[in-house]
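# Reading the structure
Each chain is listed here by its residues.
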Amino acid sequence: MPNIIAVVCASYGLAQSVCDGEDLPARAERFFRSDHTNNWAVLVCTSRFWFNYRHVANTLSVYRSVKRLGIPDSHIVLMLADDMACNHRNPKPATVFSHKNMELNVYGDDVEVDYRGYEVTVENFLRVLTGRLPPSTPRSKRLLSDDHSNILIYLTGHGGNGFLKFQDSEEISNVELADAFEQMWQKRRYNELLFIIDTCQGASMYERFYSPNLMALASSQVGEDSLSHQPDLAIGVHLMDRYTFYLLEFLEDIHPASQANMNDLFKVCPKSQCVSTPGHRTDLFQRDPGSVLITDFFGSVRKVEITMETINLTVPGIPLERFGGEPHTETALAYVDQLPVAQIIHQKPKQKDWHPPDGFILGLWTLILLVFFRTYGIKHLKHIF
Amino acid sequence: MAAVEVEKQRGRSAAVAIAALVIAAGIPLWWKTTETYRAWLPAARISELEALQLELRVEVEVVFARGTLSPEQQKKVPASRMREQQQQVDDKTGLKFTYETRFRTATVMEEDALNQPTAAEADHALHTLTETSCGSVVIYIIPEASALLPQDMRVYVGRSRTALLRSQVASVVGAGLPEVLAALDPQMEQVLQTMSFNHQDVTAALTDRLRPGLSTRDSLADSMRAFKSSPGYEITFSLLNPDPKHHQLHWDVEAALDAYIYPLLHKMAPVANFSVDSQILYYAVLGVNPRYDASASAYTLSADSLAHVINPVEARLGSNAASSNPVLNFLLYVPDSLHSPLIIRNDQKQEVASNAFHSPRWGGIMVYNVDGAYGNDTQFPVDIAIDMSRVMGVFLSQLRLMLGFQQTGAPPGFVLEAAGREGVAEWELDRLLWSRSVENVATASASITSLAQLLDQIANIVINDNIAQQVASAVTALQAAVAELEAGNLALALEHSREAISASERAFFDPSLLHLLYFPDDQKFAIYIPLFLPMCVPILLSLLKIFREVQQHRAEKRAKRD
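The numbering scheme is per chain: residues are counted from 1 as the chain's sequence reads. Chain A is the first chain written and ligand 1 is the first ligand written, with later ones labelled in order. Residue-level local features of this predicted model are given only where pLDDT is at least 70; pairs of side-chain atoms are given and counted only at 80 or more, and the full residue set underlies all totals for whole chains, interfaces and linings. The basis for every side-chain value is the complete set of non-hydrogen atoms in the structure, without hydrogens or water.

Under an unreviewed UniProt entry, the name given to chain B is GPI transamidase component PIG-S, and the organism recorded is Denticeps clupeoides. Recorded in UniProt under Pathway (unreviewed entry), the annotation for chain B is "Glycolipid biosynthesis; glycosylphosphatidylinositol-anchor biosynthesis." UniProt positions are given in the numbering used here, feature names are shortened, and annotations may be inferred rather than shown by experiment. Per UniProt, the comment on chain B under Subcellular location (unreviewed entry) is "Endoplasmic reticulum membrane".

If you look chain A up in an unreviewed UniProt entry, it shows as GPI-anchor transamidase from Denticeps clupeoides. Under the UniProt heading Subunit (unreviewed entry), the entry covering chain A gives this text: "Heteropentamer. Part of the GPI-anchor transamidase complex, consisting of PIGK, PIGT, PIGS, PIGU and GAA1. Interacts with GPAA1. Interacts with PIGT; this interaction, via a disulfide link, stabilizes the expression of GAA1 and PIGK and links them to PIGS." Recorded under Pathway (unreviewed entry), the UniProt text for chain A is reproduced unchanged: "Glycolipid biosynthesis; glycosylphosphatidylinositol-anchor biosynthesis."

Below, the discussion takes up the overall build of chain B. The helix count covers DSSP runs of H or I at least four residues long, the strand count covers runs of E at least two residues long, and both are numbered beginning at the N terminus. A count of helices and strands for chain B gives 15 helices and 17 strands. As defined in this context, the radius of gyration uses C-alpha atoms, and a globule is described by 2.2 Å times the residue total to the power 0.38. Computed over its C-alpha atoms, the radius of gyration of chain B comes to 36 Å, more than 25% above the 24 Å expected for a compact globule of 562 residues. Counting only C-alpha atoms, chain B reaches 125 × 80 × 35 Å along its principal axes. Three exposure classes are used, based on accessible area relative to the maximum for each residue type with a 1.4 Å probe and protein chains only: buried under 20%, partly exposed in between, and exposed over 50%. Within chain B, buried positions represent 51% of all 562 residues. Surface exposure here means Shrake-Rupley accessible area, sampled with a 1.4 Å probe, where a residue is shielded only by the protein chains that are shown. Of the roughly 27000 Å² of accessible surface on chain B, a fraction of 56% belongs to carbon and sulfur atoms. Only four residue types enter the tally: Lys and Arg on the positive side, Asp and Glu on the negative side; His and the chain ends are excluded. Throughout, a charge is located at the NZ atom of Lys, the CZ atom of Arg, the CG atom of Asp or the CD atom of Glu. Each charge sign in chain B was given a centre, from 47 positive and 63 negative side chains, and these centres are 13 Å apart.

We call a set of buried Ala, Val, Leu, Ile, Met, Phe, Trp, Tyr and Cys residues a nonpolar core when their side-chain atoms join them within 4.5 Å. Counting residues in hydrophobic clusters, the biggest one holds 122 residues, and the most contacted among them are Ile386(B) and Met392(B). Per-element tally for this core: the top contributor is helix H12 (residues 426-457) of chain B, with 14 residues.

Moving on to the UniProt feature "active site" (unreviewed entry) in chain A. Residues and elements named next belong to chain A. Residues given the UniProt feature "active site" (unreviewed entry) here are His158 and Cys200. Considering the C-alpha atoms alone, the annotated residues occupy 43 residues of sequence yet fold into one spot, their largest mutual distance being 6.4 Å. Summarising the element assignment, His158 is placed in the loop between strand E4 (149-156) and strand E5 (159-160). For His158, a relative accessible area of 25% translates into the label partly exposed. Discounting residues that sit within four places of it in the chain, His158 has contacts with Thr46, Ser47, Asn52, Arg54, His55, Leu164, Lys165 and Thr199. A distance of 2.8 Å separates a polar atom in the side chain of His158 from a polar atom in the side chain of Asn52. Within the element layout of this structure, Cys200 appears in the loop between strand E8 (192-198) and strand E9 (214-218). In this analysis, two residues are considered to be in contact whenever any of their non-hydrogen atoms come within 4.5 Å of each other. In the analysis that follows, any N or O atom pair within 3.5 Å is treated as a polar contact, provided that within protein one partner can donate a hydrogen and the other can accept it, and provided that, for residues neighboring in sequence, both atoms belong to side chains.

All right, on to the state of the cysteines then. Residues and elements named next belong to chain A. We call a pair of cysteine sulfur atoms a disulfide whenever their separation is within 2.5 Å. If you walk through the whole model with that rule in mind, you get 1 disulfide over all chains. Here Cys269 connects covalently by a disulfide to Cys274, the sulfurs 1.8 Å from one another. Across the S-S bond linking Cys269 and Cys274, the dihedral sits near 100°, which makes this disulfide right-handed. Overall, the relative accessible area of 3% leaves Cys269 in the buried class.

What follows concerns the pattern of salt bridges. Residues and elements named next belong to chain B. Salt bridges, as used here, are contacts in which a Lys or Arg side-chain nitrogen is within 4 Å of a carboxyl oxygen on Asp or Glu. Under the counting rule described, the total for this entry stands at 37 salt bridges over all chains. For Glu61, the salt bridge goes to Arg102, with nearest N and O atoms at 3.4 Å. Separated by 41 residues along the polypeptide, Glu61 in strand E1 (residues 52-64) and Arg102 in strand E3 (residues 93-105) bring together distant segments of the chain. By relative accessible area, Glu61 is classed as buried at 17%. One salt bridge connects Glu428 with Arg400, and the closest N-O pair in it is separated by 2.9 Å. Here Glu428 is found in helix H12, whereas its partner Arg400 is found in helix H11 (residues 388-403), with 28 residues between them in sequence.

Moving on, we come to unusual backbone geometry. Residue and element names in this part refer to chain B. With an omega of -15°, the peptide bond running from Ser340 to Pro341 counts as cis. Following the sequence through the fold, Pro341 ends up in the loop between strand E12 (327-333) and strand E13 (342-344). For the peptide bond that leads from Phe380 to Pro381, omega is -5°, which places it in the cis range. With respect to the secondary-structure elements, Pro381 resides in the loop between strand E15 (363-367) and strand E16 (382-385). Within the chain, Ser297 stands out as a residue other than glycine whose phi angle is a positive 45°. One can find Ser297 in the loop between strand E10 (291-293) and strand E11 (298-301).

In the numbering adopted here, UniProt assigns the feature "transmembrane region" (unreviewed entry) to residues 359-377 of chain A. As a span, residues 359-377 of chain A carries 95% helix and 0% strand, and end to end its C-alpha atoms are 26 Å apart.

Turning to the sheet that holds strand E2 (residues 76-80) of chain A, a few remarks are in order. Residue and element names in this part refer to chain A. A sheet is described by the order of its strands in space; here 7 strands give the open sequence E3-E2-E1-E4-E8-E9-E10, paired in mixed fashion. At either end of the open sheet lies a strand with only one pairing partner, and these are strand E3 (115-116) and strand E10 (279-281). A pair of strands is treated as paired once DSSP finds two or more bridges between them. Pairing of strand E1 (residues 38-45) with E4 involves 8 bridges; the strand directions are parallel. Each residue of the ladder has a partner; that of Cys45, found in E4, is Thr156.

Residue and element names in this part refer to chain B. Under the local residue numbering, the UniProt record ascribes the feature "transmembrane region" (unreviewed entry) to residues 12-31 and 525-547. This span, residues 12-31, is 100% helix and 0% strand, and a straight line between its end C-alpha atoms measures 28 Å. Between the first and last C-alpha atoms of residues 525-547 the distance is 28 Å; the span itself is 100% helix and 0% strand.

All names here are of chain B. Here helix H9 (residues 253-267) spans 20 Å end to end across 15 residues, near enough to the 21 Å set by a 1.5 Å rise per residue. Where H9 bends most, the angle comes to about 50°, and this point is Ile261, followed within four residues by the proline Pro263. Of all 15 residues in H9, 11 are buried, a share of seventy percent or more. Buried within H9 we find Val253, Ala255, Ala256, Leu257, Asp258, Ala259, Tyr260, Ile261, Pro263, Leu264 and Leu265. At its buried positions, H9 is contacted by strand E7 (232-241), strand E9 (273-282) and H11. Multiplying 1.5 Å by the helix residue count minus one yields the expected span of that helix. One fitted axis covers the seven residues ending at a residue, a second covers the seven starting there, and the bend at that residue is the angle between these axes.

Turning to the confidence of the model for chain A, a few remarks are in order. In this model, chain A carries a mean pLDDT of 84, and residues with pLDDT of at least 70 account for 86%. Per-residue confidence from the predictor is given as pLDDT, running between 0 and 100. Counting interchain partners and residues more than four positions distant, the pLDDT-below-50 stretch residues 320-327 of chain A has 15 contacts.

Residue and element names in this part refer to chain B. Interaxial distance between helix H1 (residues 2-34) and helix H15 (residues 521-561) falls to 10 Å at its minimum, and their mutual angle equals 145°. The handedness of the crossing between H1 and H15 comes out as left-handed. Contact residues: H1 offers Arg12, Ala15, Val16, Ile18, Ala19, Val22, Trp30 and Thr34, while H15 offers Tyr528, Phe532, Ile539, Ser542, Leu543, Ile546 and Glu549. Every angle, taken between N-to-C directions, lies between 0 and 180 degrees, and every axis is a line fitted to C-alpha atoms, over only the stretch in contact when it is a helix. We call a crossing left-handed when the near helix sits turned anticlockwise from the far one by less than a right angle, and right-handed when that turn is clockwise.

Sheet strands associate in pairs through backbone hydrogen bonding, adopting either a parallel or an antiparallel arrangement. All names here are of chain B. With respect to topology, 7 strands assemble into an open sheet ordered E2-E3-E1-E4-E6-E5-E17, the strand pairing being mixed. At either end of the open sheet lies a strand with only one pairing partner, and these are strand E2 (79-90) and strand E17 (414-416). In this sheet, adjacent strand axes meet at a mean angle of 20° when their direction is disregarded. Both strand E5 (residues 155-157) and strand E6 (residues 162-166) contribute to a ladder of 3 bridges, which runs antiparallel. Paired with Val157 across the two strands is Ala163, which belongs to E6.

Residue and element names in this part refer to chain A. With 8 of its 8 residues buried, E1 lies for the most part within the structure. Alternating positions in E1 separate into two faces, Asn38, Trp40, Val42 and Val44 on one and Asn39, Ala41, Leu43 and Cys45 on the other, with burial throughout. Sheet topology note: the E1/E2 ladder contains 5 bridges and is parallel. Across the sheet, residue Val44 finds its bridge partner in E2, namely Met79.

Structure (structure tokens):
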């Protein structure tokens, strides 16, 4: 009964606002299109070794798009299982390219990797999602989302029917992933969640989802392989996977004020380009995908309200009272001397203390003496002592 | 022949002995060593929490001033009355609002206080007379002809928990007290809805327990703006100076915080802990180019572009936060000399008086123009002292919104006294405490029930003793909070609800509760069969053989007898 009343009230309110004027429904629309106030992204690359360069490039290109569209580093959890930019086999160190002929360096110069190398495990991934991290974990390694957060989760690596391989030694199954999302929903750790996976047989990973407000995209169906895009002959490995390559091209056209919606995202990389058939799942999602903006998940468009009310604190003649107690005295602050330059420049050569000769010299002289006395006889010893 | 028989007998007894050992000692040993440690949880009390029946009780005191009641009506006072309202929010959650009202006449000192010239002074005088407990409301009924309120206003709500209500019931001779009370009821109801909880707030606070889509759009906007209940908050005040070459800014933020912000935070101490810091950023620019408007001869930021201002700035903001508490940012932006003055325009292209905007669950930004402080030919950089009282006025109102104090939508005929220097009125704080207590209770009960469900479903999770202890203490604190809400002790209820929510969060998010290993049944068989099958097959076969031999022996014996 109460929800019927709520629906009636909402429709009445919306109808009234339509009659009121042009800007009121526009404002209501803008404010109420999506219920989120902040955005988070969890980007995971699960493979290591040089020949899996393309998985790191996949993750970094999504990271780059997400940062460009406005999500700050403090709201991104980036997990890279291996370091490709500073790998010994990288002919161009400190770069990770996504297009051949080194057109686009997705590594950039302000990458912030939160989980690196062997820290990328199934356990850590599930801990990040469910929030069950040890108390000493720093803020940058936590997913501090609330009930009005939209979260983007991107996984890439080698996968199979119902599992995704982490680091060549363990797997996460689709049941565990679905359970983790259900735990997130129980604690209302997300408002809406977009799950993208670029692996072989990726569609199997979202088969078992059962929590509300989840939308999932995968690069290939069960039984199909996701293929890589193009190798670069100078670097010697495949640079990107096909699905993420075309996803990156699609996202490069999106700017923070763009009105592109999810139906456009579903059309990215058709079978002619991708060779595999990308799939998506929207039955658990409450809103219609056509009304979900790309920037709802990939960007961070804040809702703002003008501050109408202020409090009048300017009472003339009354000095500011101290709440804490006696006033603080202004002490002149100076930097601590961290590098004693004067000492270093005007240094006198240090007096070296005398040490008795160490083992090598002793051994050498002993050898010389032995040889001498062996050759010329022991009777010469009296000349020494 | 006898030797073979003895051999066979020995073989049989050996097989039986081995089988007995395996069954009697082996299986219990294997069971014991492979079970997971699960401490006992109070499952019965947890299942009670699933169906939550909350009762909120307000103690209302209605004081009749001289001139509002006729002498016969006055004789019937003092009286008391209890009114209940039931609301079933969904099939598992029910609400009951109880208003316990006591009626009395005013004392001599209160009459003196009501004789003050203005309502504000009367309210101040009344406040010094009585001590009201947290959560209660006192309404003074003043005669119709009283000059305390302006003509068209009926109610005055003061800074503490008192309200002045102008009686519209002329003291008709012959009308009994119940009629007077009945006539006052709708007005009192309105006063209570404003000063104490109202149904929308409480329902909005229960969203954690409810299915999605149940709340209305207005309450959604309010719930989106304010932070959810958390044990602590981090507040950062930042000064953004994009033009240090021209402007040398001085802001005495420590004194301003001491004077304006800390009183509010001190009053909110029962709700949460606050940690405040401040910083100055140089060469920090807004991400949006303002447009020059010749008619106003100023640069303008339209309402649409405001949404894109925050992200580039946020990337540069440092944060001192070491805990996982939510962070509120308040930014003061002083435009550079090339883009001064900078004004914000709203949707209707009008100038905004405060020149500030805020983002729900993030914080606020205020633009402070300093172009009036110097002329064209002064020597740069110019020393400018920022007027902190103006700035803090805006930040204080934004902070109130972020913390959950709703925008004062005064019903018609009401005069709500502005909070002023103290930051928040007592009754506003009470309203927040009501919704916070209910929110804490709802969240804690939802956490505990879902944790119990999770632990039930997955038999592989180890439940340590500390988790069981946290759950038990959370359940106890939760029941205490509900009991205190029923009794009407708001402060104690809030304390217990805070205990409950912190214990339940600690139990739910304990790092040891990670269900990492998913064992499908076929994997379990794949592990156990190679271990147990080679051992069990000979034992079973020999037992079968013995059984068949015994059967044969018995059949022979029966044949022999017959």
